[in-house]
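So you can see what is in the structure, the chains are spelled out below.
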Amino acid sequence: MKIYISVDMEGIAGILLPEQLVKGETLYYEARKLMTREVNVIIEELIKIGVKDIVVKDAHGSGFNFLIEDLHPDALYVMGGLRVDQRFPLLDSSFTGAFLIGYHAKSGTKQAIRDHTISSHSWQSITINGIEIGEIGLDSLLFGLHNVPIMLVTGDDKACKEVKEFLGEDVVTYITKYSLGRHAGIMLPPKRVYKELAEVVKRAIDNSKKCSPFYLNPPYEMVVRYMSTEQVDRLFCDNKRVIRIDGVTVKYKEEDLMQLLSHVL
Ligand SMILES: [Zn+2]
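Residues numbered from 1 in each chain as written. Predicted model: local features only at pLDDT ≥ 70, side-chain atom pairs only at ≥ 80, totals over all residues. Heavy atoms only, no water.

1. Description of the sheet that holds strand S2 (residues 53–58)
Pairing is mixed in the open sheet, where 7 strands are placed in the order S3-S2-S1-S4-S7-S8-S9. The strands lining the two open edges of the sheet, one partner per strand, are strand S3 (76–78) and strand S9 (184–187). Taken over all neighbouring pairs, the strand axes of this sheet differ in orientation by 20° on average, direction set aside. With 6 bridges connecting them, strand S1 (residues 2–7) and S2 associate as parallel partners. Bridge pairing links isoleucine 5 to valine 56 in S2. (Pairing = 2+ DSSP bridges. Helix = DSSP H or I, 4+ residues; strand = E, 2+ residues; numbered from the N terminus. Axes fitted to C-alpha atoms, helices over the stretch in contact; angles between N-to-C directions.)

Given below as structure tokens:
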């Protein structure tokens, strides 16, 4: 069995503040430790279950957040910044499933820790074929292109709720914190999370047959609400494939999903 794990930072146990999420900030190193430990717990459990091939992607910010010396020796790690067509290197249809670890709710979600879609500074919302989509949805689509289903998602309660609405009830979710605001929440102690994750990983693997890959059929129409008119002023709108709807809203029309996502990722 092969498992691909994509790891963001906002939904990792113990992470709450902007100072933990940005390189150079005072609490960033602590957050890297928390992220690395949580990943190691998951890999340890997968290996116990008998999963032989594990690829782990560092998917937050620069893509260089894992403390590389502390990483579990029995997986491969993808780190650094990459274009959308290279968002998940080594991914192909031989993978049984994917885990999205430490994820967060889409931009504009009420009382969700660090809600955003790709960047807190660039996009208000992204809708594809009428469905408003956040990073959970965007990454599920990319895994779906290789026929790989999402089997487990962890993050705050709002991210987990988004998963159920978006991917269905069969995907296993695990709540690491209950959000009270963008930077406030009821936090589960990381040590408890590590203990519980072992059972959760086992449940996700046992449940794998129930999960199916996520697809949206072409043609694609993506409506993006940007943060400012200035961003849209800089775009070339041909009024055929790239159409400005109002000051901050642009509609993109594409046949190819990767081409479509390249406008935002
Ligand atoms: Zn992130």
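2. Quick notes on the domain arrangement of the protein
Interface extent is often summarised as the accessible area lost during association of the parts. Segmentation of the protein into domains returns domain 1 (2–117 + 133–210) and domain 2 (220–261). Measuring from the centre of the C-alpha atoms in domain 1 to the corresponding centre in domain 2 gives 29 Å. (Domains from an automatic or database assignment.)

3. Remarks on the packing of helix H3 (residues 135–144) against helix H4 (residues 157–167)
The contact between H3 and H4 brings their axes to 10 Å, and the two run at 45°. By the angle between their directions, the pair H3 and H4 is classed as oblique. For the crossing formed where H3 meets H4, the hand is right-handed. Between H3, through Ile136, Gly137 and Ser140, and H4, the contact on the second element is made entirely by Ala159, Glu162, Val163, Phe166 and Leu167. Residue classes in the contact of H3 with H4 are distributed as 5 nonpolar, 2 polar and 1 charged. (Parallel < 35°, antiparallel > 145°, perpendicular 65-115°, else oblique. Left-handed = near helix turned anticlockwise from the far one by under 90°. Contact = heavy atoms within 4.5 Å. Nonpolar A, V, L, I, M, F, W, Y, C, P; charged D, E, K, R; others polar.)

4. What to know about the sheet that holds strand S12 (residues 249–254)
The sheet built from 5 strands is open, its strands ordered S6-S5-S10-S12-S11 with antiparallel pairing. Pairing within the sheet leaves two strands with one partner each, and these edge strands are strand S6 (131–132) and strand S11 (242–244). Pairing geometry for S11 and S12, over 3 bridges, is antiparallel. The residue bridging valine 242 from the neighbouring strand is tyrosine 252, located in S12.

5. Focus on the UniProt feature "active site" (unreviewed entry) in the protein
Here the UniProt feature "active site" (unreviewed entry) sits at His116. Structurally, the position occupied by histidine 116 is in the loop between strand S4 (97–103) and strand S5 (123–128). Residue histidine 116 is classed as buried on the basis of its relative accessible area of 6%. The residues touching histidine 116, leaving out its near neighbours within four places in the chain, are Glu10, His104, Ala105, Lys106, Ser107 and Glu135. At 2.8 Å, the side chain of histidine 116 and the backbone oxygen of arginine 114 are in polar contact. (UniProt positions renumbered as here; feature names shortened; annotations may be inferred. Buried < 20%, exposed > 50% of the residue type's maximum accessible area, 1.4 Å probe, protein only. Polar contact = N/O pair within 3.5 Å; in protein donor to acceptor, adjacent residues only side chain to side chain.)

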